[in-house]
Amino acid sequence: MTRPAAKGWCPTTRRPMMSGDGLLVRVKPAYGRLDAQALTCLADLSDQFGNGVLDLTSRANLQIRGVSEQAYPALLSSLQTAGLAGANLKADQLNLTLAPFTGKNSLGWRCADYLYAAADDLPELPAKFGFSVDCGEKRYLTNASADLFIEAASGGGVLLRCAGSTDGLVTDEDNLLTSVRTILDWYLGLQAGAPDTPPVRMRKLLEAHDPPYRATGHLPHAPEHQLAVGPAAGPHIIAAPYGQLTAGDLRQLAAANSSVQITTGRMMIVETLPGPDSHLITTSEDKRLSVAVCPGAPHCPSASVRTRDLADSLVRTGAWSGGKTLHISGCAKGCAAPEARDICIVGRDGRFDIVEKGCAWQAPSSTGILTTDILERVSELGS
Ligand code: SF4
């Protein structure tokens, strides 16, 4: 079975997307940082104009959920006033992920600076096109959903590496934007040959084309590193359960921290952990980390089941031991996990199907399981 096509687009503050619970308005924190004032502002705006629920996305953005079409203009105006919306359409659309722990005025920070400042002058890019800026002593974004990686080169300088390529184009800070444009022009030129088909991501494009630089052995200088929930030599890395935050979570974080880094993998880096009543994930042993869950009902119009409620029930009752990988999907599109999981629970017409060692859109081994039976069924499979 092939994966059903996902509908919709990448929302921004200026181009929100309708979902099951209203408009989704995506805020892209500059440099991945939100200070206490911005966190509190987002919490207040989410309560005032949305439903108090926010998504923490895999690309380190925050989505305000549940915004009505009537409330949206006032929300946009408030975000602009607070400096939480891009200055113009292109700045709003720019997808830039800055590696965690990137220090102010470091090479990575400066590269991000150049891109933010040039956003309006860059060519029109597909909505999903992303830059990953990962210039530190360790590389954290190797597996990020980006198209162009900006890294420190092994021999010095800046390496521009297309997704899917191990080699890259070496440049320096003075010529960074010129070199970026060279790669973007090449990428867009190849897309121009097929104007009626959706844009192809860089990684896919490189399956059929050589990158616009010759293999020269210019490699990233830093080793890959995996970010994980837990203490991190001073700060703490925490996660949002199933990628969802509430306005209350943001206020708790703001009360304890002057600034929070929003980072990939739906994680955050904080100086101080939120209080004991917080439901955020603070330890790597938390079983919720082994569960991938899409928003489900009532947030997505394609869903007929409450995916996150089911995930909480499975963890709270101990029906899910966490020893295997679990995906709970509101429908067969499988948005939360494009790769196979040990157990995949898929909602259909208010009941559940189960796919074992597969993806949401593949043939299930059990179908039509009632809500009252699903905990026991998963407990049997998960043990
Ligand atoms: S997988 Fe979940 S989020 Fe994606 S379309 Fe289906 S119900 Fe919606």
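Residues numbered from 1 in each chain as written. Predicted model: local features only at pLDDT ≥ 70, side-chain atom pairs only at ≥ 80, totals over all residues. Heavy atoms only, no water.

### Section: the overall build of the protein
(1) Moving on: Broken down by element type, the protein carries nine helices and 20 strands.
(2) Moving on: Against the 2.2 N^0.38 benchmark of 21 Å for 383 residues, the protein shows a C-alpha radius of gyration of 21 Å, consistent with a compact globule.
(3) Moving on: For the protein, the spread of C-alpha atoms along the principal axes amounts to about 60 × 45 × 45 Å.
(4) Moving on: Burial status across the protein gives 50% buried among its 383 residues.
(5) Moving on: Across the protein, the fraction of contacts at a sequence separation of at least 24, relative to all contacts at a separation of at least 6, is 61%. (Helix = DSSP H or I, 4+ residues; strand = E, 2+ residues; numbered from the N terminus. Rg over C-alpha atoms; globule rule 2.2 N^0.38 Å. Buried < 20%, exposed > 50% of the residue type's maximum accessible area, 1.4 Å probe, protein only. Contact = heavy atoms within 4.5 Å.)

### Some thoughts on the sheet that holds strand β6 (residues 95-98)
(1) Moving on: Across the sheet, which stays open at both edges, the five strands sit in the order β6-β7-β8-β9-β10 with mixed pairing between neighbours. Every interior strand has two partners, whereas the edge strands, β6 and β10 (169-171), have only one. Neighbour-to-neighbour, the strand axes of this sheet turn through a mean angle of 20 degrees, independent of strand direction.
(2) Moving on: In this sheet, strand β9 (residues 158-162) lies alongside strand β8 (residues 148-152) in antiparallel orientation, the contact comprising five bridges. Note on β9: the bridge partner recorded for Ile150 is Leu160.
(3) Moving on: This element, helix α4 (residues 107-118), spans β6, β7 (130-134), β8 and β9 of the sheet and lies at about 170 degrees to β6. (Pairing = 2+ DSSP bridges. Axes fitted to C-alpha atoms, helices over the stretch in contact; angles between N-to-C directions.)

### Comments concerning the sheet that holds strand β3 (residues 33-35)
(1) Moving on: Pairing in this open sheet of five strands is antiparallel, and the strands run β3-β14-β15-β12-β11 from one edge to the other. Whereas interior strands pair on both sides, the edge strands pair on one side only; in this sheet they are β3 and β11 (230-231).
(2) Moving on: Of the strand pairs in this sheet, β11 and strand β12 (residues 236-239) are connected by two bridges, and their pairing is antiparallel. The residue bridging Gly230 from the neighbouring strand is Ile237, located in β12.

### Regarding the site of the ligand
(1) Moving on: Taken together, Cys294, Pro295, Cys300, Ser302, Ala303, Ser329, Gly330, Cys331, Lys333, Gly334 and Cys335 make up the full set of residues adjacent to the ligand.
(2) Moving on: Within the shell around the ligand, the residues separate by chemical class into six nonpolar, four polar and one charged. (Near = heavy atom within 4 Å. Nonpolar A, V, L, I, M, F, W, Y, C, P; charged D, E, K, R; others polar.)

### Description of the packing of helix α8 (residues 307-317) against helix α9 (residues 371-382)
Packed helices, taken two at a time, are described by the angle between their axes plus the distance between the axes.
(1) Moving on: For the pair α8 and α9, interaxial distance at closest approach is 11 Å and the crossing angle is 55 degrees. By the angle between their directions, the pair α8 and α9 is classed as oblique. The handedness of the crossing between α8 and α9 comes out as right-handed. Together, Leu310, Ser313, Leu314 and Thr317 of α8 and Ile374, Leu375 and Val378 of α9 make up the contact between the two elements.
(2) Moving on: Grouping the amino acids of the contact of α8 with α9 by side-chain chemistry returns five nonpolar, two polar and no charged. (Parallel < 35°, antiparallel > 145°, perpendicular 65-115°, else oblique. Left-handed = near helix turned anticlockwise from the far one by under 90°.)

### Observations concerning the packing of α4 against helix α5 (residues 176-192)
(1) Moving on: Remark: α4 packs on α5, axes separated minimally by 10 Å, with the N-to-C direction vectors making an angle of 65 degrees. Judged by the angle between their axes, α4 and α5 are roughly perpendicular. Classified by chirality, the crossing of α5 by α4 is right-handed. Counted together, Cys111, Tyr114, Leu115 and Ala118 of α4 and Leu176, Leu177, Val180 and Arg181 of α5 form the full contact between these two elements.
(2) Moving on: Taken together, the residues of the contact of α4 with α5 break down into seven nonpolar, no polar and one charged.

### Thoughts on the domain arrangement of the protein
(1) Moving on: By the assigned domains, the protein splits into domain 1 (17-87 + 233-270), domain 2 (101-205) and domain 3 (287-382).
(2) Moving on: The distance between the C-alpha centroids of domain 1 and domain 2 comes to 25 Å.
(3) Moving on: Taken together, the contact between domain 1 and domain 2 spans 10 residues of the former and 13 residues of the latter.
(4) Moving on: Across the domain 1 to domain 2 interface the summed buried area is about 850 Å²; carbon plus sulfur atoms make up 55%.
(5) Moving on: Of all residues in domain 1, Tyr31, Arg33 and Arg59 give up the largest surface area on contact with domain 2, accounting jointly for 65% of the area buried on that side.
(6) Moving on: In this structure, the connection of domain 1 to domain 2 is made through zero salt bridges.
(7) Moving on: Counting across the domain 1 and domain 2 interface gives six residue pairs in polar contact (both at pLDDT 80 or more).
(8) Moving on: Tallied by class, the residues present in the side of domain 1 that touches domain 2 amount to six nonpolar, two polar and two charged. (Domains from an automatic or database assignment. Buried area = accessible area lost by both parts, 1.4 Å probe. Salt bridge = Lys/Arg side-chain N within 4 Å of Asp/Glu carboxyl O. Polar contact = N/O pair within 3.5 Å; in protein donor to acceptor, adjacent residues only side chain to side chain.)

### Section: the confidence of the model for the protein
(1) Moving on: Of all residues in the protein, 98% have pLDDT values of 70 or greater, and the mean over the chain is 92.
(2) Moving on: Looking at the elements of the protein, mean pLDDT is at its lowest for strand β1 (residues 17-19), recorded as 88, and at its highest for helix α1 (residues 36-49), recorded as 98. (pLDDT = per-residue confidence, 0-100.)

### Considerations on empty space enclosed by the protein
(1) Moving on: In the structure shown here, the tally under the stated rule is two cavities of 30 Å³ or more.
(2) Moving on: When its volume is computed, the largest cavity comes out at roughly 140 Å³.
(3) Moving on: Lining the largest cavity are Lys90, Gln93, Leu94, Asn95, Ala119, Leu122, Pro123, Glu124, Leu125, Pro126, Phe129 and Phe131.
(4) Moving on: Broken down by class, the residue content of the lining of the largest cavity amounts to eight nonpolar, two polar and two charged.
(5) Moving on: Looking at the second largest cavity, its volume works out to about 40 Å³.
(6) Moving on: The wall of the second largest cavity is formed by Arg59, Asn95, Thr97, Gly130, Phe131, Ala144, Ser145, Ala146 and Thr264.
(7) Moving on: Each residue belonging to the lining of the second largest cavity can be placed in one class, and the counts come to three nonpolar, five polar and one charged. (1 Å grid on protein atoms, 1.4 Å probe; cavity = no way out; pocket = protein on both sides within 12 Å on 5 of 7 lines; lining within 4 Å. Points joined across faces, edges and corners; volume = space filled by probe spheres on them.)

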